[in-house]
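Chain by chain, the residues:
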Amino acid sequence: MKLKKIQTKYCTNFKTLIRNKETLAENLREYLTKIGCELGKEISEEFETQNQTIITPLEESFSEKIFLPQINVIISTKDDYPYLNKGINSTIIGTNYRGYMNFNGIRGIDALTAEIRDIKLPLIKHQVDNLIIAKTVLASSCTAISLAERAYEEYRPKNLIFSAIFYSEYGIKELIEKFPQSKILFVDEPDRITESGMLIPGLGNIDERIKGVA
């Protein structure tokens, strides 16, 4: 298990703006994508490198470390697919594939047994290096576990990586217990979680807010 907390002024700025109830839906979508871009960079920093010698246009020899080729699959809920998932995909190093599962708004423990309304899992013939489970909100870990179990069965990746923007310590603990060999990246400090599973100070129902209906 490897935990990585991302604490940058850039991410904190947009995370705070996402919390703000006055933030418009189009801005929420933009900010989630921007944080996704940062998460993609941070995930890439965990990849292995190797020394490579190149020849510059001035016929000079130059040696430096570069990333080993990676095959990445980024899986999220359908609501996270156009924003957080897209942002990660835009900056993560490697050959990337994207997919989603639609739980029709079901959260919490019900997500563990909920029927998946529709699913998009890319067909990949090669060994997957990194399976990234991308969640804007990780209050409990039930939806993330459902995403990971279904996708892991499909791809059997070398590495399982979770990423979250808003989260609770309880949700992180559940992931550690369920997937002790995984890596988890999260932004800033955790929120508190209520008995009903809501994050405090939280961000409201983000799925409705990004659609402009909350």
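Above this text you will find the structure in question.
Residues numbered from 1 in each chain as written. Predicted model: local features only at pLDDT ≥ 70, side-chain atom pairs only at ≥ 80, totals over all residues. Heavy atoms only, no water.

S.K.: Give a detailed account of helix α1 (residues 9-19), specifying residues and quantitative values.
M.R.: Those residues of α1 that sit buried are Cys11, Phe14, Lys15 and Ile18. All buried residues of α1 project into a common sector of 105 degrees when viewed along the axis, lining one side. Of the surrounding secondary structure, the elements contacted by the buried residues of α1 are β1 (2-6), α2 (25-44), β8 (159-167), β9 (183-187) and α6 (206-209). (Buried < 20%, exposed > 50% of the residue type's maximum accessible area, 1.4 Å probe, protein only. Helix = DSSP H or I, 4+ residues; strand = E, 2+ residues; numbered from the N terminus. Arc of directions from axis to C-beta. Contact = heavy atoms within 4.5 Å.)

S.K.: Give a detailed account of unusual backbone geometry, specifying residues and quantitative values.
M.R.: Omega for the bond connecting Ile200 with Pro201 falls within 30 degrees of zero, at 5 degrees, which places this linkage in the cis form. Topologically, Pro201 is positioned in the loop between β11 (199-200) and α6. Its identity is not glycine, yet Arg156 carries a phi of approximately 45 degrees, on the positive side. In this fold, Arg156 is placed in the loop between α4 (142-155) and β8. Arg156 gets classed as exposed once you look at its relative accessible area, which sits at 52%.

S.K.: Go over α2, please, and point to the residues and values.
M.R.: With 20 residues, α2 extends 29 Å from end C-alpha to end C-alpha; this agrees with the ideal 28 Å at 1.5 Å per step. Considered for burial, the residues of α2 that qualify are Ala25, Leu28, Tyr31, Leu32, Thr33, Ile35, Gly36, Glu38, Leu39, Gly40, Ile43 and Ser44. (Expected span 1.5 Å × (residues − 1).)

S.K.: Please set out the nonpolar core residue by residue, giving values where relevant.
M.R.: Core analysis: the biggest nonpolar cluster contains 28 residues, and Ile18, Ile35, Leu39, Ile43 and Ile88 have the highest contact counts within it. Only α1, α2, α3 (81-91), β7 (130-138), β8 and β9 provide two or more residues apiece to this core. Ranked by residues supplied to this core, first place goes to α2 with six residues. Sequence-distant contacts of Ile43, defined by excluding residues within four places in its chain, comprise Ile88, Ile92, Ile132, Ile161, Ser163 and Leu185. One finds Val73, Leu160, Phe179 and Ile184 within the second-largest nonpolar core, a separate group that totals 25 residues. (Core = buried A, V, L, I, M, F, W, Y, C linked by side-chain atoms within 4.5 Å.)

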